[in-house]
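# Breakdown of the fold
So you can see what is in the structure, the chains are spelled out below.
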Amino acid sequence: EGRPLVVITSSGGSARRDHLTPWLLDVGSMMGFDKPVVVAAPNVAHVNRLQVLEGIATQAEQAAEQVVMHLYDQPACRHKAGVAEDAAEAVEEEAEETGAWGPKRVLRWLRIQGGLSEDCIESVEAARIDSIIFCKASKEDWLNEDLGLHEADATRLLELQPRLLVEVRNAAAENQTP
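Residues numbered from 1 in each chain as written. Predicted model: local features only at pLDDT ≥ 70, side-chain atom pairs only at ≥ 80, totals over all residues. Heavy atoms only, no water.

### Describing the packing of aromatic side chains
Given two aromatic rings, one states the distance between the centres and the angle between the planes to describe the pair. Going by this rule: Only centres within 6.5 Å qualify two rings of Phe, Tyr or Trp (six-membered ring in Trp) as a pair; their planes then separate them into stacked at under 30 degrees, edge-to-face at over 60, and tilted for everything else. For a Lys NZ or an Arg CZ to count as sitting over a ring, it must be within 6 Å of the ring centre and within 35 degrees of the ring normal.
A complete count under the given rule lists 1 aromatic pair for this structure. One Lys or Arg, Arg3, reaches over the ring of Phe33 and ends 4.0 Å from the middle of that ring.

Printed below as a string of structure tokens:
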């Protein structure tokens, strides 16, 4: 298993002492990317441009092949259509078994609560935010540029966090048998 990481570097000089690439690989490893592939273009200032481009293209193709092979080795990628949907439903069911709400249920609940822009709803849907992530998110998390939320939506989401937590706990208590 593991997660692939492709690092693409270039340096104009000889790159005898490359400090950046090992550091990037270490940081990637700390984040769980343990299948690194390096595409390097050292000494680009002193070699024929065509040779440099051909070398980069060859390395990039090899990196892409390794990433694709890794992806096809994953169980979800071995099957045809419908697997992604089945996996999403399995995650949803597992979340609910542990007392948490999966992304679909959180999304339904947010729509019922109102007060959020359609852009916000779409961002939450795309990010597949379950109740655990939702309840732990800070204002900075909601305002992260990757989500692209407006201040008013972030404020509303923060207001809804304690309400969702109560709903999840109540639902979990109702599902437990004495």
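### Brief notes about the nonpolar core
Our working definition: Within this scheme, the nonpolar core is defined by two criteria: the residues are buried Ala, Val, Leu, Ile, Met, Phe, Trp, Tyr or Cys, and they are joined through side-chain atoms within 4.5 Å. Relative accessibility decides the category of a residue: with a 1.4 Å probe and only protein chains considered, values under 20% of the type maximum give buried, values over 50% give exposed, and everything between is partly exposed. Strands here mean DSSP runs of E at least two residues long; helices mean DSSP runs of H or I at least four residues long; both are numbered from the N terminus. Contact between two residues is taken to exist if any of their heavy atoms lie within 4.5 Å; hydrogens are not considered.
Counting residues in hydrophobic clusters, the biggest one holds 21 residues, and the most contacted among them are Leu110, Phe134, Trp142 and Leu157. Breaking this core down by element, the ones donating at least two residues are helix 4 (103-113), helix 5 (118-127) and helix 8 (151-175). Top element by residues in this core is helix 8. It accounts for 6 residues. When sequence neighbours within four positions are dropped, the list of residues in contact with Phe134 reads Val106, Leu110, Ile129, Trp142, Leu157, Leu160, Gln161 and Leu164.

### As for the side chain of Thr21
Positionally, Thr21 belongs in helix 1 (residues 20-30). Given a relative accessible area of 9%, Thr21 falls into the buried group. Leaving out residues up to four positions away in the same chain, Thr21 has contacts with Thr9 and Val38.

### Some details on unusual backbone geometry
Of note in the backbone geometry, Arg128 takes a positive phi value of approximately 50 degrees without being a glycine. Following the sequence through the fold, Arg128 ends up in the loop between helix 5 and helix 6 (131-136).

### Points about the pairing of strand 1 (residues 4-10)
Stated precisely, the cut-off is as follows: By this definition, two strands are paired if DSSP reports at least two bridges between them.
Every second residue of strand 1 is oriented toward a common face, the buried set being Leu5, Val7 and Thr9 and the non-buried set Pro4, Val6, Ile8 and Ser10. Two elements, strand 1 and strand 2 (residues 35-41), share 7 bridges in a ladder whose sense is parallel. Paired with Leu5 across the strands is Pro36, a residue of strand 2.

### Focus on the pattern of salt bridges
The line we're drawing: Any Lys or Arg side-chain nitrogen found within 4 Å of a carboxyl oxygen on Asp or Glu counts as a salt bridge.
If you walk through the whole model with that rule in mind, you get 2 salt bridges. The closest approach of N and O atoms between Glu151 and Lys139, which form a salt bridge, is 2.5 Å. Of this pair, Glu151 sits in helix 8 while Lys139 sits in helix 7 (residues 139-142), placing them 12 residues apart in sequence. You can call Glu151 partly exposed: its relative accessible area is 42%. Given a relative accessible area of 31%, Lys139 falls into the partly exposed group. Residue Arg156 is joined to Glu159 by a salt bridge in which the shortest nitrogen-to-oxygen separation is 3.5 Å. Note that Arg156 and Glu159 are positioned in helix 8 at a spacing of 3 residues, about one turn of the helix. Exposure remark for Glu159: the relative accessible area of 45% places this residue in the partly exposed category.

These results come straight from atomic positions and should not be treated as a statement about function.
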